[in-house]
Amino acid sequence: MIFKPLLPLLFLALTACGFSPLYSDSDNQFVLTESAAVKIDPIPDYYGYVMMQVLENKLNPQKQAQPTRYVLDVHLNDIIYTDQIIQENNFSDRKKITISATYRLSRLKDSQTLIQSATSASGSYNIVSSPYATLTDQEKNQEELLQIIADNIALHVLTYFKSETTK
């Protein structure tokens with residue numbers, strides 16, 4: 001490898017530009033404490049429950065008991081299914097799933113909006129002759145997409161708290 005001797009210079013360049021990991025030791029406690037103070041408003045339906053569980057585990061992995069200082073409101077939009085591959089007999093072989101959500105993080109004491117954004121994820125599944133296999137694949141795909149959306153939201157919230165440590 002030609003680039004192996006240049007690796008130390010790359011790390012030096014990263015530290016010089018102000019790069020620091022999201023969970024660096026110095027800021028780790030602040031980010032964990034603030035994210036543990038986020039209350040997630042109830043999200044309706046089964047998929048909302050799944051998303052709430054993932055978000056709670058991401059934002060408060062240590063299960064800290066903190067007084068609520070922030071409220072995270074997540075709205076899951078309708079799941080959109082579109083045909084991807086259409087056969088000559090007008091039946092579909094593959095469906096695309098798109099799940100999107102809007103979310104808002106606000107401070108509890110003054111209701112000030114700190115973050116307001118949207119995220120989405122797409123996936124697809126095959127339609128096979130067995131309805132059970134098709135349904136299982138569809139549900140697995142939906143849960144994986146919800147995981148991706150929850151990861152995006154949690155990352156945005158954690159990044160916000162991380163940015164607050166530099167102010």
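Residues numbered from 1 in each chain as written. Predicted model: local features only at pLDDT ≥ 70, side-chain atom pairs only at ≥ 80, totals over all residues. Heavy atoms only, no water.

Engineer: Whenever I open this one, the pattern of salt bridges confuses me. Can you help?
Structural biologist: Side chains that differ in sign of charge can pair as their charged atoms come close. For the structure on display, the rule yields five salt bridges. Between Asp-110 and Arg-107 there is a salt bridge, with the nearest N and O atoms lying 3.2 Å from each other. For Lys-140, the salt bridge is made with Glu-144, and the minimal N-O distance between the two is 3.0 Å. Residue Lys-140 and its partner Glu-144 are located together in helix α4 (residues 131–165), separated by four residues, close to a single helical turn. (Salt bridge = Lys/Arg side-chain N within 4 Å of Asp/Glu carboxyl O. Helix = DSSP H or I, 4+ residues; strand = E, 2+ residues; numbered from the N terminus.)

Engineer: Any chance you could explain the environment of Ser-124 here in plain terms?
Structural biologist: Among the secondary structure elements, Ser-124 is positioned in strand β5 (residues 113–126). Put simply, Ser-124 and Arg-94 are 30 residues apart on the chain and 6.9 Å apart in space, counted from C-alpha to C-alpha. Setting aside residues up to four positions removed in sequence, Ser-124 forms contacts with Gln-84, Arg-94, Lys-95, Lys-96 and Asn-141. A distance of 2.7 Å separates the side chain of Ser-124 from the side chain of Arg-94, its partner in a polar contact. (Contact = heavy atoms within 4.5 Å. Polar contact = N/O pair within 3.5 Å; in protein donor to acceptor, adjacent residues only side chain to side chain.)

Engineer: Any chance you could explain the packing of aromatic side chains here in plain terms?
Structural biologist: Tallied over the full model, the rule gives three aromatic pairs. Taking 5.3 Å as the distance between ring centres and 65° as the angle between the ring planes, the aromatic pair formed by Tyr-46 and Tyr-47 counts as edge-to-face. Look at Tyr-47 and you get partly exposed, because its relative accessible area is 22%. A connected cluster of aromatic rings, assembled from ring pairs, spans Tyr-70, Tyr-160 and Phe-161. (Phe/Tyr/Trp six-rings, centres within 6.5 Å; stacked < 30°, edge-to-face > 60°. Buried < 20%, exposed > 50% of the residue type's maximum accessible area, 1.4 Å probe, protein only.)

Engineer: Looking at this structure, how should I read the nonpolar core?
Structural biologist: Ranked by internal contacts, the top residues of the largest apolar core, which has 34 residues, are Met-51, Leu-55, Leu-72, Val-74, Leu-105 and Ile-153. Secondary structure elements with two or more residues in this core: β1 (38–40), α3 (45–59), β2 (70–76), β4 (92–107), β5 and α4. Looking at this core element by element, the count peaks at ten residues for α4. The contact partners of Leu-55, leaving out residues within four places of it in the chain, are Ile-40, Leu-72, Val-74, Ala-150, Ile-153 and Ala-154. (Core = buried A, V, L, I, M, F, W, Y, C linked by side-chain atoms within 4.5 Å.)

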